[in-house]
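One letter stands for each residue in the lines below.
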Amino acid sequence: MKMLFDFSGKTVLVVGAASGIGRASAMACAEANANVIAVDINEAELNTLNHARLETLILDISDSQAVEKIINQCAKKYGHIDAAILTSAIQKRTPIDSLTDEEWQRHLDINLSGIFYLLRSLFPVMKAQKSGAIVAFTSGLATNGWPGAAAYATTKAGIVGLVKSAAHELRPFGVRINAVSPGLVLTPVFLDSASSDELAMYERSLGLSKPEEVVPTLLYLISDAGETISGNVVERRLIPRA
């Protein structure tokens, strides 16, 4: 059984589009005939995205004024933003007693405040058009924790509260928002933070997903098929290997 999506006439914003799940999502949406706005701070990698339906923009989401400017610019150019997939995050593993103020704050600025800035700027656009779908990302570490991952896990727990509150505020306007916990995915954020022993352990026990394997869940959530789903944390969990 195969599910096909058609986003003809729709505009999809993908933040964190230079790599990982964001990159796979941007290309999938473009292939599904959406006009895609692919946003990231990594200009070199972003410039390797190549599709006739895809526009690339450089943005540091920790800069609230820059975020507002980009969102307003896109809304004006396209007339509407029908969906937003917000994947941007950093993760650096540092024990709590070695975690500097700067490193702690950087995680907050990108993983939590950056997503808040994006939501704050998207709200007026989607409320005015009385439609829209947003997906943000949490993590299993938000509830399970991991050595050295306190900063990352804290921000991902914050995303859950942010999304659930946002869902209540958006519901009267026909706009929906969900959080996805994608599981163990071979993204740069995960690969750059996990040790070789950790990767081997996960491969033996649960297996590791490719970014493309997460995409169908995201497309479903932003499509008409997911129009009654909002305020949820959607978890992708693999069955442990025997």
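Okay, so let's go over this structure. (Residues numbered from 1 in each chain as written. Predicted model: local features only at pLDDT ≥ 70, side-chain atom pairs only at ≥ 80, totals over all residues. Heavy atoms only, no water.)

1. Concerning the environment of Met27
Right, on to step 1. Tracing the sequence through the fold places Met27 in helix H1 (residues 20-31).
Right, on to step 2. For Met27, a relative accessible area of 25% translates into the label partly exposed.
Right, on to step 3. Remark: the alpha-carbon pair of Met27 and Ala38, spanning 11 residues in sequence, is separated by 9.2 Å.
Right, on to step 4. Setting aside residues no more than four positions away along its own chain, Met27 makes contact with Leu49, Asn50, His51 and Leu54. (Helix = DSSP H or I, 4+ residues; strand = E, 2+ residues; numbered from the N terminus. Buried < 20%, exposed > 50% of the residue type's maximum accessible area, 1.4 Å probe, protein only. Contact = heavy atoms within 4.5 Å.)

2. Some words on the packing of aromatic side chains
Right, on to step 1. Applying the stated criterion to the full structure yields 2 aromatic pairs.
Right, on to step 2. On the basis of an interplanar angle of 35° and a centroid distance of 6.0 Å, the ring pair of Phe5 and Phe7 is categorised as tilted.
Right, on to step 3. With a relative accessible area of 6%, Phe7 lands in the buried category.
Right, on to step 4. Seen from their ring centres, Phe116 and Tyr117 are 5.8 Å apart, and the 55° between their planes marks the pair as tilted.
Right, on to step 5. By relative accessible area, Phe116 is classed as partly exposed at 36%. (Phe/Tyr/Trp six-rings, centres within 6.5 Å; stacked < 30°, edge-to-face > 60°.)

3. A look at helix H3 (residues 64-78)
It helps to recall that an α-helix has 3.6 residues per turn; residues three or four apart then point in one direction.
Right, on to step 1. Across its 15 residues, H3 extends 21 Å between first and last C-alpha, which sits within 8% of the 21 Å expected from 1.5 Å per residue.
Right, on to step 2. Against the buried residues of H3 lie strand S1 (11-15), strand S2 (35-40), strand S3 (54-58) and helix H4 (101-129).
Right, on to step 3. A distance of 3.2 Å separates the backbone nitrogen of Gln65 from a side-chain oxygen at the start of H3, and that oxygen is part of Asp63.
Right, on to step 4. Once H3 ends, the next one or two residues include Gly79, with phi positive near 85°. (Expected span 1.5 Å × (residues − 1). Polar contact = N/O pair within 3.5 Å; in protein donor to acceptor, adjacent residues only side chain to side chain.)

4. A word on the environment of Ala150
Right, on to step 1. Relative to the assigned elements, Ala150 resides in helix H6 (residues 150-170).
Right, on to step 2. Among the residues examined, Ala150 registers a relative accessible area of 23% and is labelled partly exposed.
Right, on to step 3. Separated by 53 residues in sequence, Ala150 and Asp97 place their C-alpha atoms 11 Å apart.
Right, on to step 4. Once residues lying within four places of it in the same chain are set aside, the contact partners of Ala150 are Ile96 and Trp104.

5. Describing the side chain of Lys156
Right, on to step 1. You can see Lys156 is positioned in helix H6.
Right, on to step 2. Here Lys156 is buried and forms no salt bridge, its nearest opposite-charge partner Asp40 lying at an N-O distance of 13 Å. (Lys, Arg positive; Asp, Glu negative; His and termini not counted. Salt bridge = Lys/Arg side-chain N within 4 Å of Asp/Glu carboxyl O.)

6. Remarks on the layout of surface pockets
Right, on to step 1. One number sums up the size of the second largest pocket: a volume of about 310 Å³.
Right, on to step 2. Taken together, 18 residues line the second largest pocket, and the ones lying closest to its centre are Lys10, Arg176, Ile222, Ser223 and Asp224.
Right, on to step 3. For the lining of the second largest pocket, a count of residues per class yields 7 nonpolar, 5 polar and 6 charged. (1 Å grid on protein atoms, 1.4 Å probe; cavity = no way out; pocket = protein on both sides within 12 Å on 5 of 7 lines; lining within 4 Å. Points joined across faces, edges and corners; volume = space filled by probe spheres on them. Nonpolar A, V, L, I, M, F, W, Y, C, P; charged D, E, K, R; others polar.)

7. Some thoughts on unusual backbone geometry
Right, on to step 1. Despite not being glycine, Asn33 has its phi angle at roughly 80°, a positive value.
Right, on to step 2. Inspection of the secondary structure puts Asn33 in the loop between H1 and S2.
Right, on to step 3. Residues other than glycine seldom take positive phi values, yet Lys130 does so here, at roughly 55°.
Right, on to step 4. Inspection of the secondary structure assignment puts Lys130 in the loop between H4 and strand S5 (132-137).
Right, on to step 5. Assessed through its relative accessible area of 56%, Lys130 is described here as exposed.

8. A closer look at the state of the cysteines
Right, on to step 1. As enumerated under the stated definition, the model contains 0 disulfides in all.
Right, on to step 2. Between Cys29, a free cysteine, and Cys74, which holds the nearest cysteine sulfur, the sulfur-to-sulfur gap is 14 Å.
Right, on to step 3. By relative accessible area, Cys29 is classed as buried at 0%.
Right, on to step 4. For Cys74, a relative accessible area of 3% gives the class buried. (Disulfide = S-S within 2.5 Å.)

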